[in-house]
Amino acid sequence: MQNSVLTIKIKQRLNKLDSQDYDNIECWQVVEAFNKAQVEWSRRQLHGINLVKEGDEQSTRRKDDLQVLLNTETLVTFDKTYYYKGALPQDYMQWKRVDVYAQKDCCEKRRMTVYLAEEGNLNLLLRDKAKQPNFEWAETFATLIGNEVHIYTNEAFNVQEANLIYYRQPIKIQVQGCVDPYTGVASPVNVQCEFKDDIVELMIDEAAAILAGDIESGNQFSRGTEGAERNN
């Protein structure tokens, strides 16, 4: 959906399409509200906070709606004796999986099955013979801490390659000539929303509700919130 259409729809929801009063909505406010709406909508759908209680890939609809945010990035890992660490990407939002290829001196490299574990259970997992990293069974675990992925080896093998599959943050829209609220500089180009038009319609309701809350417009706030939730 083009940004011009998106802006008109948001102002229409707020009954500010041709308003000349002091509550007139500026373009940077539309940009900020819509980008905030993208993040809030995405987080709710991933967690299953919607009418049908469907989260990450729990239905065809969720798979179809959220696939645009899935991304793969090769981690630059560093050996820390009994684990390898790699930094999370700047646009990271939620874990999906990590594909790890490991190797020992005696054997060829193989693909490992990696489970995401709790940092609080680290010592128990490393001590448990059934759960500790094992090259023969091609299984290990990883934890998240300090914006890093820790892939544990327990000195049983070496990590040759690690690819992180994750949900990234939605790309922020920009309106050409409008001051970007995140940089304070006028945007030189239009950056349109990457989601499908049917999802953009939901985000428009969400953005209208955010703006309505900012200008203390109770009716528009209720309408926007109910519209965004009802149609998920």
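What counts and what doesn't
Residues numbered from 1 in each chain as written. Predicted model: local features only at pLDDT ≥ 70, side-chain atom pairs only at ≥ 80, totals over all residues. Heavy atoms only, no water. Helix = DSSP H or I, 4+ residues; strand = E, 2+ residues; numbered from the N terminus. Buried < 20%, exposed > 50% of the residue type's maximum accessible area, 1.4 Å probe, protein only. Contact = heavy atoms within 4.5 Å. Salt bridge = Lys/Arg side-chain N within 4 Å of Asp/Glu carboxyl O. Expected span 1.5 Å × (residues − 1). Core = buried A, V, L, I, M, F, W, Y, C linked by side-chain atoms within 4.5 Å.

## With respect to the overall build of the protein
Next up, step 1: Regarding its fold elements, the protein presents six helices and eight strands.
Next up, step 2: The secondary structure elements of the protein, listed N-terminal to C-terminal, are α-α-α-β-β-β-β-β-α-β-β-β-α-α.
Next up, step 3: Here the protein holds 232 residues, and the buried ones make up 42% of them.
Next up, step 4: The contacts in the protein between residues at least 6 apart in sequence include a share of 67% that link residues at least 24 apart.

## Here we look at the pattern of salt bridges
If the charged atoms of two oppositely charged side chains come close together, the side chains can form a pair.
Next up, step 1: A complete count under the given rule lists 14 salt bridges for this structure.
Next up, step 2: Between Lys9 and Glu201 there is a salt bridge whose closest N-O contact spans 3.1 Å. A residue pair is termed long-range when its members are at least 10 positions apart, and Lys9 in helix α1 (residues 3-13) and Glu201 in helix α5 (residues 197-214) qualify at 192 residues.
Next up, step 3: A residue is classified by how much of its surface remains accessible, and Glu201, at 27% relative accessible area, is partly exposed.
Next up, step 4: We note a salt bridge from Lys104 to Glu136, for which the minimum N-O separation is 3.6 Å. With a gap of 32 residues between them, Lys104 in strand β4 (residues 92-104) and Glu136 in the loop between α4 (122-127) and β6 (139-145) connect regions that are remote in the sequence.
Next up, step 5: Salt bridges sharing common partners tie together Arg62, Asp64, Asp65 and Lys196.

## A few points about helix α2 (residues 27-47)
Next up, step 1: Across its 21 residues, α2 extends 31 Å between first and last C-alpha, which sits within 8% of the 30 Å expected from 1.5 Å per residue.
Next up, step 2: Every buried residue belonging to α2 is among Val30, Val31, Ala33, Phe34, Asn35, Ala37, Gln38, Trp41, Ser42, Arg44, Gln45 and Leu46, and all of these are buried.

## Observations concerning the nonpolar core
Next up, step 1: Among the nonpolar cores identified, the biggest contains 31 residues, and Leu6, Ile10, Phe34, Phe195 and Val200 are the most heavily contacted of them.
Next up, step 2: Elements represented by at least two residues in this core include exactly α1, α2 and α5.
Next up, step 3: When sequence neighbours within four positions are dropped, the list of residues in contact with Ile10 reads Val30, Phe34, Ile204, Ala207 and Leu211.
Next up, step 4: Leu88, Trp95, Met112 and Leu164 belong to the second largest nonpolar core, which has 20 residues in total.

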